[in-house]
Amino acid sequence: MKELDAKIQKELEEIYQQFFFNPLIQKMKEIPMHRGSNCFIHSFKVAKFAMRKAIKRKNYHLKAILIASILHDYYLYDWRSDRSKKKKHGRRHPFIAEANARRDFHIDSEVSDIIKSHMWPLTIKSFPKTKEAKLVNHADNVIATREFATSKAFKKKREQRYLKFIEKLFD
Ligand SMILES: [Fe+2]
Ligand SMILES: [Fe+2]
């Protein structure tokens, strides 16, 4: 990710770090997902993947992509241990995540829309309207598929490596 202006790169890294060390965001470590991954690792992997693609393709609203991808799964409950949430989790969690993000981080409407459409086509009416939303939707799919494709044991072994990898937006 070298093509970026140094000032913009610094600003994006600062935003990333602020989220990374925020105690509310750290709570996502307690939310398991995708065969032994957790919501924290998943979300920052999605953020890094989406940002790399967006910078390469140019003319994307990078700040919106960064914030939306970090917060896209900020639903803060374990649907596996909550029977009432289990059935509708796929379709509902984008809206729960968006409401939580609005409450805790005062996000703007662009970020809101990206979060709400990240599970499309599962959320039929909430579809990605912008290229930024399409990219986050795609990044989430790619990362989720990779997470499903690796075993729990493999992920456990790699956990420290994953945490190291997501420590910074730009390496
Ligand atoms: Fe999600
Ligand atoms: Fe996700």
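Residues numbered from 1 in each chain as written. Chains lettered and ligands numbered in written order. Predicted model: local features only at pLDDT ≥ 70, side-chain atom pairs only at ≥ 80, totals over all residues.

**A short note on the overall build of the chain**
And then number 1: Regarding its fold elements, the chain presents 9 helices and 2 strands.
And then number 2: Of the regular secondary structure in the chain, the N- to C-terminal order runs α-α-β-β-α-α-α-α-α-α-α.
And then number 3: The C-alpha radius of gyration of the chain comes to 15 Å, within 12% of the 16 Å expected for a compact globule of 171 residues.
And then number 4: Structurally, the chain occupies a C-alpha span of about 50 × 40 × 30 Å along its principal axes.
And then number 5: Out of the 171 residues in the chain, the part that is buried amounts to 33%.
And then number 6: Looking at the chain alone, contacts between residues at least 24 apart form 64% of all its contacts between residues at least 6 apart. (Helix = DSSP H or I, 4+ residues; strand = E, 2+ residues; numbered from the N terminus. Rg over C-alpha atoms; globule rule 2.2 N^0.38 Å. Buried ≥ 20, exposed ≤ 12 C-beta atoms within 10 Å, placed from the backbone. Contact = placed C-beta atoms within 7 Å.)

**Points about the environment of R146**
And then number 1: By the secondary structure assignment, R146 is in helix α8 (residues 131-149).
And then number 2: According to the C-beta neighbour criterion, R146 is partly exposed, with 13 such atoms within 10 Å.
And then number 3: For the pair R146 and H34, spaced 112 residues apart in the sequence, the C-alpha separation amounts to 9.3 Å.

**Things to note about helix α3 (residues 39-57)**
And then number 1: Helix length check: α3 (19 residues) gives 27 Å between terminal C-alpha atoms against 27 Å at 1.5 Å per residue, within 8%.
And then number 2: Taken from the residues just after α3, K58 is the one with a positive phi, measuring 65°. (Expected span 1.5 Å × (residues − 1).)

**Regarding the environment of H138**
And then number 1: With respect to the helices and strands, H138 occurs in helix α8.
And then number 2: Taking the C-alpha atoms as reference, H138 lies 8.1 Å from H118; in sequence the two are 20 residues apart.

**As for the packing of α3 against α8**
And then number 1: At a minimum axis distance of 9 Å, the contact between α3 and α8 shows a crossing angle of 130°. Considered as vectors, α3 and α8 are oriented oblique to each other. Here the hand of the crossing between α3 and α8 comes out right-handed. Residues H42, K45, V46, F49, A50, K53 and A54 of α3 lie in contact with α8, whose contacting residues are L135, V136, A139, D140, V142, I143 and E147.
And then number 2: Looking at the contact of α3 with α8 residue by residue, the classes come out as 9 nonpolar, 1 polar and 4 charged. (Axes fitted to C-alpha atoms, helices over the stretch in contact; angles between N-to-C directions. Parallel < 35°, antiparallel > 145°, perpendicular 65-115°, else oblique. Left-handed = near helix turned anticlockwise from the far one by under 90°. Nonpolar A, V, L, I, M, F, W, Y, C, P; charged D, E, K, R; others polar.)

**Some points on the nonpolar core**
And then number 1: Counting 36 residues, the largest nonpolar core has A50, I65, L66, I67, A68, L71 and V136 as its most contacted members.
And then number 2: Put simply, the parts of the chain that give this core at least two residues each are α1 (6-21), α3, α4 (62-71), α6 (89-105), α7 (109-116) and α8.
And then number 3: In terms of residues, this core owes the most to one element, α3, which gives 9 residues. (Core = buried A, V, L, I, M, F, W, Y, C linked by C-beta atoms within 7 Å.)

**Describing the packing of α4 against α8**
And then number 1: Taken N-terminus to C-terminus, the directions of α4 and α8 make an angle of 40°; their axes are 10 Å apart at the nearest point. For the element pair α4 / α8, the angle class is oblique. Crossing handedness for the pair α4 and α8: right-handed. Contact residues: A64, I65, A68 and S69 in α4; E132, L135, V136 and A139 in α8.

**Observations concerning the environment of K131**
And then number 1: Here K131 lies in helix α8.
And then number 2: When the 13 C-beta atoms within 10 Å are taken as the criterion, K131 is described as partly exposed.

Read these as layout, nothing more, since geometry by itself doesn't imply function.
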